[in-house]
Amino acid sequence: MFEKFFERKRSPEEAERIVKKVVGRELGQGVNGATIYLAFTAAQRENRDKKLGMTNNYLLNIVREAAFGMSGAIEDNMYGGPDQTFANIEAEITKIRNGLNDEEKRS
């Protein structure tokens, strides 16, 4: 009943920082298909648990940007250069995004 009065409202920037922190933790183990998916599910869980109000589409954009930033020389050597690394990240994000229906993308 008093939840509305005592619930702390977060700014969009603060909510994004919270999600980026969780995503960074997951992607810290390496940037590949499995960790990208784990980072997305961790972001969804954090968004739901802390009631941040972000859409799945927005969460995927955060994961994509974090993966681009955190990919390094190891991934470049494994996948054949930075262009191929970025293409692999885009492919994984697209695969996850296509797996969501329209309602899930907006929620």
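A brief structural summary.

So, how was this worked out
- Residues numbered from 1 in each chain as written.
- Predicted model: local features only at pLDDT ≥ 70, side-chain atom pairs only at ≥ 80, totals over all residues.
- Heavy atoms only, no water.
- Helix = DSSP H or I, 4+ residues; strand = E, 2+ residues; numbered from the N terminus.
- Buried < 20%, exposed > 50% of the residue type's maximum accessible area, 1.4 Å probe, protein only.
- Areas by Shrake-Rupley, 256 points an atom, 1.4 Å probe, with all protein chains shown as cover.
- Polar contact = N/O pair within 3.5 Å; in protein donor to acceptor, adjacent residues only side chain to side chain.
- Expected span 1.5 Å × (residues − 1).
- Contact = heavy atoms within 4.5 Å.

Check the secondary structure of the protein and you find 7 helices and 0 strands. Reading the helices (α) and strands (β) of the protein from amino to carboxyl end gives α-α-α-α-α-α-α. Each of the 107 residues in the protein was classed as buried or not, and the buried ones make up 36%. For the protein, the accessible area works out to roughly 7,000 Å², and carbon and sulfur atoms hold 51% of it.

Looking at the secondary structure, you find Glu46 in helix H3 (residues 33–49). Take Glu46: its relative accessible area is 17%, and that puts it in the buried class. Between the C-alpha atoms of Glu46 and Ala15, which are 31 residues apart in sequence, the distance is 9.7 Å. In terms of polar contacts, Glu46 uses its side chain to reach the side chain of Lys50, at 2.9 Å.

In this section: helix H2 (residues 12–27). Note on helix geometry: an α-helix contains 3.6 residues per turn, so any two residues three or four positions apart are oriented the same way. Its 16 residues give H2 an end-to-end C-alpha distance of 22 Å, which sits within 8% of 22 Å, the value for a rise of 1.5 Å per residue. Within the span of H2, buried status applies to Glu14, Ala15, Ile18, Val19, Val22, Val23 and Leu27. Contacts from the buried residues of H2 go to H3 and helix H4 (56–70).

Its 15 residues place the ends of H4 21 Å apart at the C-alpha level, agreeing with the 21 Å of an ideal helix rising 1.5 Å per residue. By the burial criterion, the buried members of H4 are Asn56, Leu59, Leu60, Ile62, Val63, Arg64, Ala66 and Ala67.

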